[in-house]
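Understanding the architecture of this molecule
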Amino acid sequence: TKSGTGAYYRCFGHEGLEQLLSRVQSLIVKNGYELESMILKRLTHIQDLDAFLDIEIMQEGVQVAPKKLIKKSKTIQFGGNEPDFMIFKRAKGKQRCYIVELKESPNYDFLSELVKSKDIADFLKIKLMR
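Everything in this summary refers to the structure shown in the same document.

Some remarks on the side chain of Arg90
Within the secondary structure, Arg90 sits in strand β3 (residues 85–91). A residue is classified by how much of its surface remains accessible, and Arg90, at 15% relative accessible area, is buried. Within polar-contact distance, the side chain of Arg90 engages the backbone oxygen of Met58 at 3.4 Å. Reaching out from Arg90, the side chain makes a polar contact with the side chain of Gln95 at a distance of 3.3 Å.

In structure tokens, the structure reads:
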């Protein structure tokens, strides 16, 4: 936006502060995308989350389902609160699922948002706790 016309200017009424806060916000967003990209480059991608979730015992290793794949799932529904990733790990006969949300704020409670979704809460209790 042009200086003096954005939301930060309307809030604080100071062009210098508006420019600084806009720059900080863009850096935070850029770093989030960069972190997401780094994670995806290092892990094996799940091609079909629904098919993967039907497998009782996954192969050894770590696999990831990114948000866009999670959104397509018919097996598990987050009700619009999809996490950034679901990471599945099998090692030494044990399987784990990690639900990952990349957030800057220490005050954001993704787990409480997640539990509000009955489908995901039931899935976590039944499917993953075996």
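Describing the sheet that holds strand β2 (residues 61–66)
Strand order in the open sheet formed by four strands is β1-β2-β3-β4, with mixed pairing between adjacent strands. In this open sheet, the two strands that pair with only one neighbour each are β1 (44–45) and β4 (94–100). Pairing of β2 with β3, which is carried by six bridges, proceeds in the antiparallel orientation. When the bridges of β3 are listed, Ala65 appears paired with Met86. Most of the contacts of helix α2 (residues 15–42) go to β3, to which it runs at about 35°, and overall it touches β1, β2 and β3.

With respect to the side chain of Asp50
Position of Asp50 relative to the elements: it lies in helix α3 (residues 49–54). Within the structure, the side chain of Asp50 is placed 2.8 Å from the side chain of Thr75, a separation counted as a polar contact. When neighbours within four sequence positions are excluded, Asp50 is seen to be in contact with Lys72, Ser73, Lys74, Thr75 and Ile76.

Re the pattern of salt bridges
In total, this model carries two salt bridges according to the counting rule given. Here Arg90 makes a salt bridge to Glu60, at a shortest N to O gap of 3.8 Å. Of the two residues, Arg90 sits in strand β3 while Glu60 sits in the loop between α3 and β2, which places them 30 residues apart along the sequence. For Lys67, the salt bridge identified is with Asp84, shortest N-O distance 3.5 Å. Of this pair, Lys67 sits in helix α4 (residues 67–72) while Asp84 is found in the loop between α4 and β3, placing the two residues 17 residues apart along the sequence. Residue Asp84 is classed as buried on the basis of its relative accessible area, which comes to 10%.

As for a nonpolar patch on the surface
A surface patch of nonpolar side chains, about 420 Å² in accessible area, is lined by Phe12, Leu17, Leu20, Val24 and Ile28. With four residues, α2 is the largest single contributor of residues to the nonpolar patch. Looking at where Val24 falls in the secondary structure, it is placed in helix α2.

Considerations on the nonpolar core
Of all hydrophobic cores here, the largest spans 13 residues; its most connected members are Ile46, Leu49, Ala65, Met86 and Phe88. Of all elements in the fold, only α3, α4 and β3 reach the threshold of two or more residues within this core. Top element by residues in this core is α3. It accounts for three residues. Setting aside residues up to four positions removed in sequence, Phe88 forms contacts with Ile46, Leu49, Phe52, Leu53, Met58, Gly61, Val62, Gln63, Arg96 and Cys97.

Rules of the game
- Residues numbered from 1 in each chain as written.
- Predicted model: local features only at pLDDT ≥ 70, side-chain atom pairs only at ≥ 80, totals over all residues.
- Heavy atoms only, no water.
- Helix = DSSP H or I, 4+ residues; strand = E, 2+ residues; numbered from the N terminus.
- Buried < 20%, exposed > 50% of the residue type's maximum accessible area, 1.4 Å probe, protein only.
- Polar contact = N/O pair within 3.5 Å; in protein donor to acceptor, adjacent residues only side chain to side chain.
- Pairing = 2+ DSSP bridges.
- Contact = heavy atoms within 4.5 Å.
- Axes fitted to C-alpha atoms, helices over the stretch in contact; angles between N-to-C directions.
- Salt bridge = Lys/Arg side-chain N within 4 Å of Asp/Glu carboxyl O.
- Patch = residues over 30% accessible without salt bridge, like charges linked within 9 Å, V, L, I, M, F, W, Y side chains within 5 Å.
- Areas by Shrake-Rupley, 256 points an atom, 1.4 Å probe, with all protein chains shown as cover.
- Core = buried A, V, L, I, M, F, W, Y, C linked by side-chain atoms within 4.5 Å.

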